[in-house]
Amino acid sequence: MGMGRAGFGLPALGIAVLVMALSASGAVIINEVAWGGTAASANDEWIELYNSGDSAVDLAGWVLVVGEARILLGAPGEATVEVRRTSIAPHGYFILERTDDETVADMRADVLFKGTLSNVGADLRLLDATGATVDEVLCEQGGWPAGTGSEGTRPYASMERVDPGLLPAQWATHNGRAASGLDAKGTPISGTPGTENSATLDFRTVPRVALVDPPSGTLSGSVVVRWTASDPDGSPAALQIAIFLCDAAGETCRAVVENLTNQGSFLWDVTPYAGAGEVFLRVVATDPDGLTGSAVSGPLTLAP
Ligand SMILES: [Ca+2]
Ligand SMILES: [Ca+2]
Ligand SMILES: [Ca+2]
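The shown structure was predicted, so the numbers you read here are calculated from the model rather than taken from an experiment.

The rules behind these values
- Residues numbered from 1 in each chain as written.
- Chains lettered and ligands numbered in written order.
- Predicted model: local features only at pLDDT ≥ 70, side-chain atom pairs only at ≥ 80, totals over all residues.
- Heavy atoms only, no water.
- Salt bridge = Lys/Arg side-chain N within 4 Å of Asp/Glu carboxyl O.
- Helix = DSSP H or I, 4+ residues; strand = E, 2+ residues; numbered from the N terminus.
- Buried < 20%, exposed > 50% of the residue type's maximum accessible area, 1.4 Å probe, protein only.
- Contact = heavy atoms within 4.5 Å.
- Phe/Tyr/Trp six-rings, centres within 6.5 Å; stacked < 30°, edge-to-face > 60°.
- Lys NZ or Arg CZ within 6 Å of the ring centre and 35° of its normal.

Mind showing me how you'd approach the pattern of salt bridges here?
Where charged atoms from two side chains of opposite charge approach closely, those side chains can pair. Within the structure shown, the criterion is met by ten salt bridges. Across the pair Asp135 and Arg161 runs a salt bridge whose closest N-O atoms are separated by 2.8 Å. One end of the pair, Asp135, is in strand S11 (residues 133–138); the other, Arg161, is in strand S12 (residues 159–161), with 26 residues separating them in the sequence. Each member of the pair, Asp135 as well as Arg161, carries the same accessibility label: buried. Asp213 is paired through a salt bridge with Arg226; the nearest N and O atoms lie 3.8 Å apart. Of this pair, Asp213 sits in strand S14 (residues 208–213) while Arg226 sits in strand S16 (residues 222–230), placing them 13 residues apart in sequence. Taking the relative accessible area as the measure of exposure, Asp213 reaches 30% and is therefore partly exposed.

So, in structure tokens, the structure goes:
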């Protein structure tokens, strides 16, 4: 049904945009965590920091705490094997590779560390030179919210921060739309070490849709479907809307209407669709680049 390459992975974005806020200036954050390692080795874990501010930040004296381990960012010692660089440029990235520089084989690590990122989850805390916590990712209790190990359709995918400006932080599994880096066996990494997160690229470019009516319930006769749709890098008027009726699994969908302008509402005669059991409405917005976003209703029953 033409859901497009970006219609997955970020179900919370429609809500997330409402809580978007600007982060503090000069903010260095934990931006990507490859807790599952790479296809070459599950031990080849790596972590990316990102400076979302407009000024360079000196990481001398800073510490990345991973569980009980302390990775010093300014000098060797404790869990730090080697430090190649202590400054992170404005809007720049900083890569920590486990054990040796072959973890991300085609990139020069900024810090080499020893220790383990448990696949079950861990607490990460980034401390500045005064010991103050500047960012934290607390996953020891609840497990990682994104990323994969050896399982699934996209194994060894990193956990990517959706956008530095989103508070509280949102995480998504690397989606493959953008990728960088080669693992120790020369295989492309399912992640974006040293480059913009694929989840962030989606956040900047993929249309967002919210379904206003109907949220759920029993419908009959003529029903007004209402939505809001926007494009973070384009005009809402340029979006094309399609409305689908889908089964509970979302696997079988048929078009109710396609090629609508983004007018925010559509008068739908339910009668021809009545009696199909529990169904869901999906409103899909497509931007001029072919990227799609969608929203799905709650369960609907269509009465004659
Ligand atoms: Ca490397
Ligand atoms: Ca990245
Ligand atoms: Ca767009």
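Would you mind going over the side chain of Ser190 with me for this structure?
Mapping Ser190 onto the fold places it in the loop between strand S13 (171–173) and helix H2 (198–205). Judged by its relative accessible area of 17%, Ser190 falls in the buried class. Those residues in contact with Ser190 that sit more than four places away from it in its chain are Arg154, Pro155, Tyr156, Ala157, Ser158 and His174.

Help me out: how do you make sense of the packing of aromatic side chains in this one?
The final tally for this structure, using the stated rule, is three aromatic pairs. Positioned over the ring face of Phe203 is Arg208, at 4.3 Å from the centre of the ring.

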